[in-house]
Amino acid sequence: MTNIKNDNIKFELSNVVDALIAQRETWEAGTYAASNAELYTLLGNTLDLFLKVRKDVGLSRAVRDLLDTYGVQYNSATSLALKIVRLVFVGKGREQKIENRAYTYARVLTVAAAAGVTGKQLPQFIADRHGIDEIRRQDSTGETAAQKAQRARDYAASALAKQRQIASVTMTDDLQPVDGAQFSLALVRKNEDGTGSIVFGTNNAAAVNAVLAIAGKDLREEAANTAEANVAKHDAEHRAENVQRLAAELAAAQGFQPQVHITVPATEMAPA
């Protein structure tokens, strides 16, 4: 009897949930989609205004004048995009109600402008980037903070798998990674005699991922610096060879040997 009763309750709940899902799908395809389409079109027109104003000092001053006329708040640090958004979307007395959205809309305008997007193209630009809020989270590279952290973790996991060890430790139970993972964390205490001791270990996924993100960022910067130094060294060596070859060609052409040795200035040599 209990199972039959539970099945009936589950069936009734399923019917209610299915009906709500159908209602949500209708809303998404109807009112919500139409509302977003209207918003994106409005933002597109606002983007066109922003693109025009930022090229014209006179229009930029007119924006400030309108803000003063309408009593909309701004200061010397307020960006032009945010000023225009406040003119269009905020208005006097509504700053607190919509302020967060104003910053988001201004971010959309600046990201779209940097990408060379026009107002007509903006709705598709927003859709391709999975919505306004995702654009707000993206940096100049188009990545969100979560995506950058994941990329850093992936880089660290690959690099540290073959990285030279700092010290060898015994893998006690406290230091074992979770099943299927390769990394765990150890907390090291510096002792009074200068030695170190592992005093705590954890395989907590959030903690391990946080440290991997830090490690990935540092390792990538180190690799980039090394590559840059190698390129600079190669360029300096190439310039030195060119200078010596030029001196030899001049000597052969003019029938004399230079009395001084031509070298590349030390300032042009790559750091050791």
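Remember, it's a predicted structure, so these values are computed and weren't measured experimentally.

Draft legend 1. Highlighting the overall build of the protein chain. The number of helices and strands found in the protein chain is eight helices and two strands. Along its sequence from the N terminus, the protein chain presents helices and strands in the succession α-α-α-α-α-α-α-β-β-α. For the protein chain, the proportion of its 272 residues judged to be buried stands at 25%. A sequence separation of at least 24 residues applies to 52% of the contacts in the protein chain between residues at least 6 apart.

Draft legend 2. Quick look at the pattern of salt bridges. If you walk through the whole model with that rule in mind, you get two salt bridges. A salt bridge links R101 to D133, with the nearest nitrogen and oxygen atoms 3.2 Å apart. On the criterion of sequence distance, the pair formed by R101 in helix α4 (residues 95-114) and D133 in helix α6 (residues 132-137) is long-range, its members being 32 residues apart. R136 serves as the salt-bridge partner of D133, at 3.9 Å between the closest nitrogen and oxygen. With D133 and R136 both in helix α6, this residue pair falls three residues apart, about one helical turn. Among the residues examined, R136 registers a relative accessible area of 38% and is labelled partly exposed. Taken together, the shared-partner salt bridges connect R101, D133 and R136 into one network.

Draft legend 3. Representation of the packing of helix α2 (residues 57-70) against helix α3 (residues 80-90) within the structure. With their axes 10 Å apart at the nearest point, α2 and α3 run at an angle of 45° to one another. The angle between α2 and α3 falls in the class oblique. Every pair of crossing elements has a handedness; the one defined by α2 and α3 is left-handed. In this structure, α2 contributes S60, V63, R64, L66, L67 and Y70 to the contact, and α3 contributes L80, K83, I84 and L87. Grouping the amino acids of the contact of α2 with α3 by side-chain chemistry returns seven nonpolar, one polar and two charged.

Draft legend 4. How the structure looks around the confidence of the model for the protein chain. The predicted model of the protein chain averages 78 in pLDDT, with 75% of residues at 70 or higher. Under a pLDDT of 50 for its full length, residues 264-272 has, in the predicted model, 11 contacts with residues more than four places off or in other chains.

Draft legend 5. Spatial organisation of the packing of aromatic side chains. Within the structure shown, the criterion is met by one aromatic pair. Between F89 and Y105, the ring centres sit 4.8 Å apart and the planes meet at 50°, which makes this aromatic pair tilted. A residue pair is termed long-range when its members are at least 10 positions apart, and F89 in helix α3 and Y105 in helix α4 qualify at 16 residues. Owing to a relative accessible area of 10%, F89 belongs among the buried residues under this scheme. The exposure class assigned to Y105 is buried, which follows from its relative accessible area of 8%.

Draft legend 6. Quick look at the pairing of strand β2 (residues 196-202). Of the strand pairs in this sheet, strand β1 (residues 185-190) and β2 are connected by six bridges, and their pairing is antiparallel. Within the sheet, the bridge partner assigned to R189 lies in β2 and is S197. Once β1 ends, the chain turns through five residues before running back antiparallel as β2, passing G194 with a positive phi of about 90°.

Draft legend 7. Spotlight on α3. Buried residues dominate α3, accounting for nine of its 11 residues. Taken together, the buried positions of α3 are occupied by L80, A81, L82, K83, I84, V85, R86, F89 and V90.

What counts and how
- Residues numbered from 1 in each chain as written.
- Predicted model: local features only at pLDDT ≥ 70, side-chain atom pairs only at ≥ 80, totals over all residues.
- Heavy atoms only, no water.
- Helix = DSSP H or I, 4+ residues; strand = E, 2+ residues; numbered from the N terminus.
- Buried < 20%, exposed > 50% of the residue type's maximum accessible area, 1.4 Å probe, protein only.
- Contact = heavy atoms within 4.5 Å.
- Salt bridge = Lys/Arg side-chain N within 4 Å of Asp/Glu carboxyl O.
- Axes fitted to C-alpha atoms, helices over the stretch in contact; angles between N-to-C directions.
- Parallel < 35°, antiparallel > 145°, perpendicular 65-115°, else oblique.
- Left-handed = near helix turned anticlockwise from the far one by under 90°.
- Nonpolar A, V, L, I, M, F, W, Y, C, P; charged D, E, K, R; others polar.
- pLDDT = per-residue confidence, 0-100.
- Phe/Tyr/Trp six-rings, centres within 6.5 Å; stacked < 30°, edge-to-face > 60°.
- Pairing = 2+ DSSP bridges.

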